[in-house]
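# Chain and residue survey
Given next are the chains, with one letter for each unit.
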Amino acid sequence: MQTSKGQGDELNPSADTAGDTRNVSKVKVWLTPSQSEFIEFVLFYGASELSKSLKLVHDMALYHSDISINADEKRALFGVKCLWEGVEEI
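Since we're looking at a predicted model, the values are computed, not measured. (Residues numbered from 1 in each chain as written. Predicted model: local features only at pLDDT ≥ 70, side-chain atom pairs only at ≥ 80, totals over all residues. Heavy atoms only, no water.)

## Considering the packing of helix 2 (residues 33-45) against helix 3 (residues 47-63)
This is how the line gets drawn: Axis geometry follows a simple rule: fit a line to the C-alpha atoms, using only the stretch in contact for helices, then measure angles between N-to-C directions, giving values from 0 to 180 degrees. Elements are defined by DSSP. Helices are runs of H or I of four residues or more, strands are runs of E of two residues or more, and each kind is numbered from the N terminus. What sets the label is the angle itself: under 35 degrees gives roughly parallel, over 145 gives roughly antiparallel, 65 to 115 gives roughly perpendicular, and the rest give oblique. Residue contacts follow a heavy-atom distance rule, with two residues in contact if any of their heavy atoms lie within 4.5 Å. Gly counts as polar in this scheme, as do all residues outside two lists: the nonpolar Ala, Val, Leu, Ile, Met, Phe, Trp, Tyr, Cys and Pro, and the charged Asp, Glu, Lys and Arg.
With their axes 5 Å apart at the nearest point, helix 2 and helix 3 run at an angle of 95° to one another. Relative to helix 3, the element helix 2 is oriented roughly perpendicular. Residue-level inspection shows Phe-41, Val-42 and Tyr-45 of helix 2 in contact with helix 3, the latter providing Ala-47, Glu-49, Leu-50 and Ser-53. Class assignment of the residues belonging to the contact of helix 2 with helix 3 gives a composition of five nonpolar, one polar and one charged.

Take a look at the structure:
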């Protein structure tokens, strides 16, 4: 039987895949072995657990310490914050 879309469209699984692939990146990124190993570690350890650990270290250094923090240390803490937020998204 022929439909208004054409014969056999209902049997073609790729006829409406735009909705399934809209969030897939079209950019291919090649990882170095160390980058791949890091991602494997994050996934093995648990992204949420690693994120919580990084946040705890950040908060301990920033809020539970009487040591004054200089500009380099502030940048390092900001880097830890960016890292834990990035890990949360994995």
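## Concerning the packing of aromatic side chains
Centre distance and the angle of the planes are the two values used to describe a pair of aromatic rings. Note the following rule: Two rings from Phe, Tyr or Trp (for Trp, the six-membered ring) form a pair when their centres sit within 6.5 Å of each other. Planes less than 30 degrees apart are called stacked, planes more than 60 degrees apart edge-to-face, and all others tilted. Relative accessibility decides the category of a residue: with a 1.4 Å probe and only protein chains considered, values under 20% of the type maximum give buried, values over 50% give exposed, and everything between is partly exposed.
Tallying each qualifying case throughout the model produces one aromatic pair. Ring geometry for Phe-41 against Tyr-45: centres 5.7 Å apart, planes inclined by 15°, an arrangement best described as stacked. Here the residue Phe-41 and the residue Tyr-45 both occupy positions in helix 2, the gap between them amounting to four residues, near one helical turn. Residue classification places Phe-41 among the partly exposed positions, given a relative accessible area of 42%.

## Quick word on the nonpolar core
The test is simple: As used here, the term nonpolar core means buried Ala, Val, Leu, Ile, Met, Phe, Trp, Tyr and Cys residues forming a set that is joined through side-chain atoms within 4.5 Å.
In terms of nonpolar packing, the biggest core is built from six residues, these being Val-42, Ala-47, Leu-50, Leu-54, Trp-84 and Val-87. Mapped onto this core, the elements with two or more residues apiece are helix 3 and helix 4 (71-88). Looking at this core, the element that brings in the most residues is helix 3, giving three residues. When near neighbours in sequence (up to four residues on either side) are disregarded, Ala-47 contacts Val-42, Val-87 and Ile-90.

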